[in-house]
Amino acid sequence: RHVNGFYLYSMSPIQKVIFSPDNAFAAIGNEAGVVTFYNLTGSTFVTAYEMVLADNSSQSIEWSPEGGCVLVGSGNALTIVGKTDLAKRKDAPPSSSGFSVCKVIRHEQDIRSISIHPESKYVAVGCSETTLILDAIDFSHIAEIKTGAVTNASWSRDGEWYASIANSNEVKIYETSNFDVTQWLNLFTFQTENACLALAWSPVELDGLQYLAYGGADKKVTVVEIRVHERTWEVVFEVERPDIIYDLDWNNNGLLAVAVGDGTVTLVDLGYLQSGAAVNEMDYNWQRQGVTSFTEIRRSKGANSMRTVRWMSPRQDRNSFLAVGGADGALEVLDLTERELCRGFTLDV
């Protein structure tokens, strides 16, 4: 069902949506280069702050794990937007949003992605040729990794693994547990036939197992199981979609949201991957769950393209709230708490 009041329309296609860790705010970027910060503590979207970036440039927006700042990448500029806790500032005017630009860092290369370490140790800035590793406190330069052109990247929830889409059709997995950044190892590289655009790590930390989903112009979602102790990997799930995969996000309940270019969002139930057992040790009936448990959300199917999906934080029991934004300029928040009432479709298997 729709969450009353949480729907907005932009004159320009929605590119990105991100929520603050406490779900109190959302940052939404559109193709016109406008990033708007909304207050969500009431019954609808309320504009708190707005900034205009380079027009028609791709955007990457990430909220720091502790909620103190937002990083926005557009063109060759990395903008750090600070968030002040107004409850601790008695001198703040009533109309103050608490947001302000703290710093702008310009690079020689265009910024394609931003990823913040879950413990706020590092910021990885994926560029058109390399990946820059910055200190997450003062944003000083630490190292530069020759990754090739990066389109998307993300750290695993435990911060031990870093996935990067490089040179359009390569998904590279780095082990980043070493304090010395120069010792990070590129352990695995997965090849895709066409450009890969999106990736998402499983949100649940399991002893010895990691799961990564990725997709793009191949029009399919692939999930890889990484056996940490053995240093091996295996494709454990793959499903085709009707169009390009633009975004992926995985929530704590095991639902993988997939933004598809035909105006639909696919929800795949991969809860069985949270059992703690490797897939090759499971009964096939458990694996079959992921193949058959689908729900599809449609909005102007065929005349629209879904560009971004994002689950809210598990805080305040909003882990099943999903934001969906598309090329039609619409962004809506859906409540999927009672997902057993969703009437989806079943694939022929």
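What counts, and where the lines are drawn
- Residues numbered from 1 in each chain as written.
- Predicted model: local features only at pLDDT ≥ 70, side-chain atom pairs only at ≥ 80, totals over all residues.
- Heavy atoms only, no water.
- Helix = DSSP H or I, 4+ residues; strand = E, 2+ residues; numbered from the N terminus.
- Contact = heavy atoms within 4.5 Å.
- Areas by Shrake-Rupley, 256 points an atom, 1.4 Å probe, with all protein chains shown as cover.
- Buried < 20%, exposed > 50% of the residue type's maximum accessible area, 1.4 Å probe, protein only.
- Disulfide = S-S within 2.5 Å.
- Salt bridge = Lys/Arg side-chain N within 4 Å of Asp/Glu carboxyl O.
- Phe/Tyr/Trp six-rings, centres within 6.5 Å; stacked < 30°, edge-to-face > 60°.
- Lys NZ or Arg CZ within 6 Å of the ring centre and 35° of its normal.
- Pairing = 2+ DSSP bridges.
- Axes fitted to C-alpha atoms, helices over the stretch in contact; angles between N-to-C directions.
- Patch = residues over 30% accessible without salt bridge, like charges linked within 9 Å, V, L, I, M, F, W, Y side chains within 5 Å.
- Core = buried A, V, L, I, M, F, W, Y, C linked by side-chain atoms within 4.5 Å.
- pLDDT = per-residue confidence, 0-100.

Enquirer: Is there a simple way to explain the overall build of the chain in this structure?
Expert: What the chain contains, in helices and strands, is one helix and 28 strands. The long-range fraction of contacts in the chain, counting pairs at least 24 apart against all pairs at least 6 apart in sequence, stands at 48%. As displayed, the chain has an accessible area near 15400 Å², and 45% of this comes from carbon and sulfur atoms.

Enquirer: Is there a simple way to explain unusual backbone geometry in this structure?
Expert: Across residues other than glycine, the phi torsion is negative in most instances, and most of the peptide bonds are trans. One non-glycine residue, Ser120, lies in the positive phi region at around 55°. For Ser120, the position within the fold is in the loop between β10 (111–116) and β11 (122–127). Phi is positive for Phe139, close to 60°, though the residue is something other than glycine. If you trace the backbone, Phe139 turns up in the loop between β12 (131–135) and β13 (141–145). Given the relative accessible area of 11%, Phe139 is considered buried.

Enquirer: What exactly am I supposed to notice about the state of the cysteines here?
Expert: Disulfides are covalent bonds that link the sulfur atoms of two cysteine residues. Applying the stated rule across the entire model yields zero disulfides. Distance from the sulfur of Cys102, which forms no disulfide, to the nearest cysteine sulfur (Cys69) is 7.6 Å.

Enquirer: Would you take a moment to explain the pattern of salt bridges for this structure?
Expert: Side-chain pairs of opposite charge can arise where the charged atoms are in close proximity. Evaluated as defined, the whole model comprises 10 salt bridges. Between Asp328 and Arg299 there is a salt bridge, and its shortest N-O distance comes to 2.9 Å. Here Arg299 lies in the loop between β25 (294–298) and β26 (306–311) and Asp328 lies in the loop between β27 (321–326) and β28 (330–335), a separation of 29 residues in the sequence. Owing to a relative accessible area of 11%, Arg299 belongs among the buried residues under this scheme.

Enquirer: In this structure, what is going on with the packing of aromatic side chains? I would like to understand it.
Expert: Each aromatic ring pair is specified by the distance between its two centres and by the angle formed by the two planes. Scanning the entire structure with this criterion turns up 16 aromatic pairs. Centre to centre, the rings of Phe6 and Phe45 are 5.3 Å apart; their planes meet at 70°, and the pair counts as edge-to-face. Of the two residues, Phe6 is situated in strand β1 (residues 2–9) and Phe45 in the loop between β4 (34–39) and β5 (46–52); the sequence distance between them amounts to 39 residues. Taking relative accessible area as the criterion, Phe6 reaches 8% and is therefore assigned buried. Aromatic side chains Phe37 and Trp63 sit 6.1 Å apart centroid to centroid with 75° between the ring planes, which places their arrangement in the edge-to-face category. Pair noted here: Phe37 is in strand β4 and Trp63 is in strand β6 (residues 59–63), with a separation of 26 residues, a long-range link. The ring centre of Tyr246 lies 4.6 Å from the NZ or CZ of Arg307, which sits over that ring.

Enquirer: When you look at the sheet that holds β4 in this model, what are you seeing that I'm missing?
Expert: Within a beta sheet, neighbouring strands are joined by backbone hydrogen bonds and run either parallel or antiparallel to one another. An order of β2-β3-β4-β5 is seen for the four strands of this open sheet, with the pairing classed as antiparallel. The sheet is open, and its two borders are formed by β2 (14–19) and β5, each paired with just one other strand. The sheet shows a mean angle of 20° between the axes of neighbouring strands, direction not considered.

Enquirer: Would you take a moment to explain a nonpolar patch on the surface for this structure?
Expert: There is a patch of nonpolar side chains on the surface, built from Tyr7, Tyr9 and Met11 and spanning about 440 Å² of accessible area. Position of Tyr9 among the secondary structure elements: in strand β1. Assessed through its relative accessible area of 54%, Tyr9 is described here as exposed.

Enquirer: Could you clarify how one ought to interpret the nonpolar core in this entry?
Expert: One recurring pattern in soluble globular proteins: nonpolar side chains tend to sit buried together. Membership of the largest hydrophobic core comes to 25 residues, with the highest contact counts inside it found for Tyr211, Val223, Leu248, Leu256 and Leu270. Those elements giving two or more residues to this core turn out to be β18 (196–201), β19 (209–216), β20 (220–227), β21 (232–240), β22 (245–250) and β23 (255–260). Beyond its immediate chain neighbours, meaning those up to four positions away, Leu256 contacts Ala213, Val221, Leu248, Asp249, Trp250, Thr266, Leu267, Val268 and Leu270.

Enquirer: So what exactly am I meant to see when it comes to the pairing of β22 here?
Expert: On a regular strand, one side chain projects to one face of the sheet and the next to the other, so that they alternate. For β22, the tally of buried residues reaches five of six residues, placing the bulk of the element in the interior. In the sheet, β22 pairs with β23 via five bridges, with the strands oriented antiparallel. Within β23, the position partnered with Asp249 by the bridge is Ala257. Between β22 and β23, which follow one another and run antiparallel, lie four residues, and Gly254 among them has a positive phi close to 95°.

Enquirer: Explanation requested: the confidence of the model for the chain in the structure shown.
Expert: In low-pLDDT regions, the fine details of the predicted coordinates are not to be read closely. Averaged over every residue, the pLDDT of the chain is 87; residues scoring 70 or more account for 88%. Segment residues 342–349 is flagged for pLDDT under 50; beyond a separation of four residues in sequence, or across chains, it makes 17 contacts in the model.

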